[in-house]
Amino acid sequence: MAKQRVVVLGGDTDDPLYHERAEMADLDVEFVQEAPTSEGEAMEAVRGADAIMMRGGWGSEQVIKAADQAQVLAVYSHGFNHIDVDAATDMGIIVTNGAGMCAEEVSNQAVTMTLALNRHTVQSTLQLREGRWNAAEFGPTEPIDEQTLGIVGFGNIGRQVARKLGQGWRMETIVYDPYIEPWIITEYGVEQVFELNELFKRSDYVIVVVPLNAETFHMIGKEQFDVMKESAYYINTCRGSVNDEPALIEALQQGKIRGAGLDVFEQEPVDPNNPLLQMKNVITAPHSAGQSTRSGWLARQRASQQVAAVLRGEWPSAGQNPEVTSKLDSKTRQPGSAGLITGEGD
Amino acid sequence: MSPDAKDIRVLYLGPKSRPGVHSSDIEQQSKAAKEMGAEFVVYAGDSDGELIEALKDADVAMSQGHGIDPSLFTHMGNNGRCKGLVSFGHGYDGMDLSSAVENGVILANTASFGTEEVSNQTMMHFLVCSRKFVLHDKLVKNGTWTREHLAPMGHIAGQTFGIIGLGDIGRTVARKAQAFGMKVIGYDPFVSSWDAKEYGVEMVGTPQEIAKRSDYVSPHTYLTPKTHHMVGAEFFDLMKPTAYLINCSRGPVVDEKALIEALQQGKIAGAGLDVFEQEPIDPNNELLKMDNVSVTNHYASYSEVAWGRANTQLGEEAMRVALGYWPMSLINPDVRSTVEPRNWAVSWEVMLAEQGK
């Protein structure tokens, strides 16, 4: 049997691919590294591939439709909003993401922003640099253990935020996620609300951690900011376009909410003239929530485990388009091993 | 296009051993159908022929210990009106999953209803074993007051608790064992490493490693061909002579003959058992004669709250299946490839809103 062809798209073409090779050591595969500069080149690169590992942004319908032989398309990142999932499903291609590769990091960023907003950390630093010394300027500092945390999206990251801020800081935690099983809610000791606006109405801190898709695009806008408390903060560490950014800017300018912590923006890199960057009550980061010395290689390990599982004829543990089964000839696969758990740097 | 709730008929199959269901018995089970405005019908027949007829006129069936012959699947799913079967409880041993997939029959259970209770029963058996309660209870009641049988007795904090199967129950046991200061290790080839990490459990690569390293071993798996006798002679040979086996899952997960032999030969220190290979247990079973074995009669999941929740969940899952949603606790996920696309499962409150109730 011919070797199975794993095409790695984007990035350096002379990458040693240590993790990719290690996870697929038992398979008869060949790695091909391509750095296309156009859709046409990307289409050429994926033709004949058994597996595609995507590091760049080549997830359009026409590129995916050119992948005539692929069983799996693995993205290294958590988000897969740059992939035309419907096209992949049509082609019978299993799409996997890097679930769990940076849940620790992103949840820490959300916690950091919550605490930094609560403690006015950024404002304090700037004030002292200006040679002033005036705590009264920051307004009231609320006791966080008496405040309510609202988490939108209760997946891996949302649950870690609940564990850290809910159980650790003893914040009262409410959760909005219509798809979550009730027993997960019980296990985490949080309260579930069934309307998004109720969460915005009741929370002192709103943290959004959902994937960006058609259902979540601009799911947060004027209506939600209007019902928030004037004393409440809004934190987004997932994707910029889950909120309507002009509506957020307006809410902040009109004092409808007290401040925001933003790791992500609708346009990235953010326009230096974006009014959000001029506001003292807004703290920001350059979409860096997922970063750490671990998440970089863990993303590779995870993506490689997903591809290896599919090529072995198993189900991957982070499949994102379960409806693809209707397009597959071999409907039954064994659930794949989640991969060896080694060296995750506890 | 999902069907209208008022046209839905839910068929309730009660325990075969207890015919003649009163409406007060099924208040919780019928609650969801009532809230949606669907019809709830109690099956009164007692033959497969009658059941086939009843299934023809129902959109979904729910079973409370009724026991369904897999041949009935050929009248359900893609072959008839009744799209699926929801069954009370956790285990689904005895269900033919592949036949259900073939016929497009959606199967669900009442997942997680007794997670608290089963994990508590597990912790109870673990403490009873560790503190040698059965023996001392008997001694004291018989007028003997002695400390000569105490050693060896573990410190618990710092000891190792090994869990096979890290589903809802396994994870809850892990959390509780951690509260006792124990190191928790786990074996489950299907659990992702980030989930294990989130629960603070060290995952190991083989069941053998669980056997070797643990001071207490507790399986929390389903009974399937793969888990049948998963804990057997080879496993007991690897266990420490001071270690205990706890079983609150299903009897046949443990090779009971091998367990009895291991206990008789002192290969392990004792066992805490809620389940047996034969139930009700034979009164002459050797396990009942041992002072280092604690036993209960397969009631680990029981509390009024848990069973009430299972009953309510049974009704909600049935309505999900009938109204074109996936159930929350789908137990044959491969059926996704043999039936038409459906809506994602959503919380009951959200579902009521979506259906305009």
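These numbers come from a predicted model, not from an experiment.

### Description of the domain arrangement of chain A
One widely used convention gives an interface's size as the accessible area the parts lose upon coming together.
Residues and elements named next belong to chain A.
Thinking step 1. Considered domain by domain, chain A is made up of domain 1 (4-101 + 293-335) and domain 2 (103-284).
Thinking step 2. Each of domain 1 and domain 2 was reduced to a C-alpha centroid, and the two centroids are 33 Å apart.
Thinking step 3. Domain 1 puts 5 residues into the contact, and the matching count from domain 2 is 7 residues.
Thinking step 4. Looking at the side of domain 1 that touches domain 2 residue by residue, the classes come out as 1 nonpolar, 4 polar and no charged.

### Some thoughts on the domain arrangement of chain B
Residues and elements named next belong to chain B.
Thinking step 1. Taken domain by domain, chain B holds domain 1 (5-113 + 304-354) and domain 2 (115-295).
Thinking step 2. Contact with domain 1, which involves 5 residues of that partner, is made by 7 residues of domain 2.
Thinking step 3. Each residue belonging to the side of domain 1 that touches domain 2 can be placed in one class, and the counts come to 2 nonpolar, 2 polar and 1 charged.

### Considering the interface of chain A and chain B
Thinking step 1. Facing the 28 residues of chain A at the interface are 27 residues of chain B.
Thinking step 2. Elements with a contribution of two residues or more to the side of chain A that touches chain B: α7 (156-168) and α8 (182-188) of chain A.
Thinking step 3. The residue makeup of the side of chain A that touches chain B, split by class, is 12 nonpolar, 10 polar and 6 charged.

### Notes on helix α4 (residues 115-130) of chain B
Think of an α-helix as 3.6 residues a turn; residues three or four steps apart then line up on the same face.
All names here are of chain B.
Thinking step 1. In this model α4 runs 22 Å from its N-terminal to its C-terminal C-alpha over 16 residues, within 8% of the 22 Å that 1.5 Å per residue would give.
Thinking step 2. The buried fraction of α4 is high, at 12 of 16 residues.
Thinking step 3. A positive backbone phi angle near 50 degrees is found at lysine 132, which sits one or two residues after α4.

### Focus on the sheet that holds strand β3 (residues 60-63) of chain B
Residue and element names in this part refer to chain B.
Thinking step 1. The strand order across the open sheet built from 5 strands is β2-β1-β3-β4-β5, with neighbouring strands paired in parallel fashion. Pairing within the sheet leaves two strands with one partner each, and these edge strands are β2 (39-42) and β5 (106-108). Across the sheet, the mean angle separating the axes of adjacent strands is 20 degrees when strand polarity is ignored.
Thinking step 2. Along the sheet face, helix α1 (residues 27-36) touches β1 (9-13), β2 and β3 and points at about 150 degrees away from the line of β2.

### Some details on the confidence of the model for chain A
Thinking step 1. Confidence along chain A averages 92 in pLDDT terms, with 95% of residues attaining 70 or more.
Thinking step 2. This stretch, residues 338-346 of chain A, has a pLDDT under 50; its non-local contacts, to residues over four places away or in other chains, come to 14 contacts.

### Some points on the nonpolar core
Residues and elements named next belong to chain A.
Thinking step 1. Judged by nonpolar contacts, the single largest core of 95 residues is most densely connected at Ile52, Ile93, Val209 and Val307.
Thinking step 2. Per-element tally for this core: the top contributor is helix α12 (residues 295-311), with 8 residues.
Thinking step 3. Split by domain, this core shows at least three residues from each of two domains, domain 1 (4-101 + 293-335) and domain 2 (103-284).

### Concerning the pairing of strand β2 (residues 29-34) of chain A
Residue and element names in this part refer to chain A.
Thinking step 1. Bridge count between strand β1 (residues 4-9) and β2: 6 bridges; the pairing is parallel. Counterpart to arginine 5 in the pairing with β2 is glutamate 30.
Thinking step 2. With helix α1 (residues 18-23) bridging β1 and the parallel β2, this β-α-β connection has right-handed handedness.

### Structural notes on the packing of α1 of chain B against helix α11 (residues 304-322) of chain B
All names here are of chain B.
Thinking step 1. Between α1 and α11, the shortest axis-to-axis distance is 6 Å and the interhelical angle comes to 35 degrees. Considering the relative orientation of α1 and α11, their crossing is right-handed. Of the residues in α11, those in contact with Gln28, Gln29, Ser30, Lys31, Ala32, Ala33 and Met36 of α1 are Gly308, Asn311, Thr312, Leu314, Gly315, Glu316, Ala318 and Met319.

### Looking at the packing of α4 of chain B against helix α6 (residues 168-179) of chain B
All names here are of chain B.
Thinking step 1. Following both chains from N to C, one finds α4 and α6 inclined at 50 degrees, their axes separated by 9 Å at the closest point. Here α4 is positioned oblique relative to α6, judged by the angle of their axes. In the packing of α4 onto α6, the handedness of the crossing is right-handed. Touching Thr115, Glu116, Val118, Ser119, Thr122 and Met123 of α4 are Asp168, Ile169, Thr172, Val173 and Lys176, all from α6.
Thinking step 2. For the contact of α4 with α6, the residue count by class is 4 nonpolar, 4 polar and 3 charged.

### Re the pairing of strand β11 (residues 259-262) of chain A
All names here are of chain A.
Thinking step 1. Here β11 shows no split at all, with Gly259 and Gly261 on one side and Ala260 and Leu262 on the other all buried.
Thinking step 2. Bridging between strand β10 (residues 233-236) and β11 involves 4 bridges; their strand directions are parallel. Across the sheet, the residue bridging to tyrosine 233 is glycine 259, located in β11.
Thinking step 3. As for the winding sense of the linkage, the β-α-β connection from β10 through helix α11 (residues 245-253) to β11 is right-handed.
Thinking step 4. Both β11 and strand β12 (residues 282-284) contribute to a ladder of 3 bridges, which runs parallel. Within β12, the residue paired with glycine 261 across the bridge is isoleucine 283.

### Quick notes on unusual backbone geometry
Residues and elements named next belong to chain B.
Thinking step 1. The linkage connecting alanine 151 with the following residue, proline 152, adopts the cis geometry, with an omega of -10 degrees.
Thinking step 2. Its place among the elements puts proline 152 in the loop between α5 (133-141) and β6 (160-164).
Thinking step 3. Of note in the backbone geometry, serine 112 takes a positive phi value of approximately 75 degrees without being a glycine.
Thinking step 4. Among the secondary structure elements, serine 112 is positioned in the loop between β5 and α4.

About the cut-offs
- Residues numbered from 1 in each chain as written.
- Chains lettered and ligands numbered in written order.
- Predicted model: local features only at pLDDT ≥ 70, side-chain atom pairs only at ≥ 80, totals over all residues.
- Domains from an automatic or database assignment.
- Contact = placed C-beta atoms within 7 Å.
- Nonpolar A, V, L, I, M, F, W, Y, C, P; charged D, E, K, R; others polar.
- Helix = DSSP H or I, 4+ residues; strand = E, 2+ residues; numbered from the N terminus.
- Expected span 1.5 Å × (residues − 1).
- Buried ≥ 20, exposed ≤ 12 C-beta atoms within 10 Å, placed from the backbone.
- Pairing = 2+ DSSP bridges.
- Axes fitted to C-alpha atoms, helices over the stretch in contact; angles between N-to-C directions.
- pLDDT = per-residue confidence, 0-100.
- Core = buried A, V, L, I, M, F, W, Y, C linked by C-beta atoms within 7 Å.
- Right-handed = clockwise from strand over helix to strand, strands pointing away.
- Left-handed = near helix turned anticlockwise from the far one by under 90°.
- Parallel < 35°, antiparallel > 145°, perpendicular 65-115°, else oblique.

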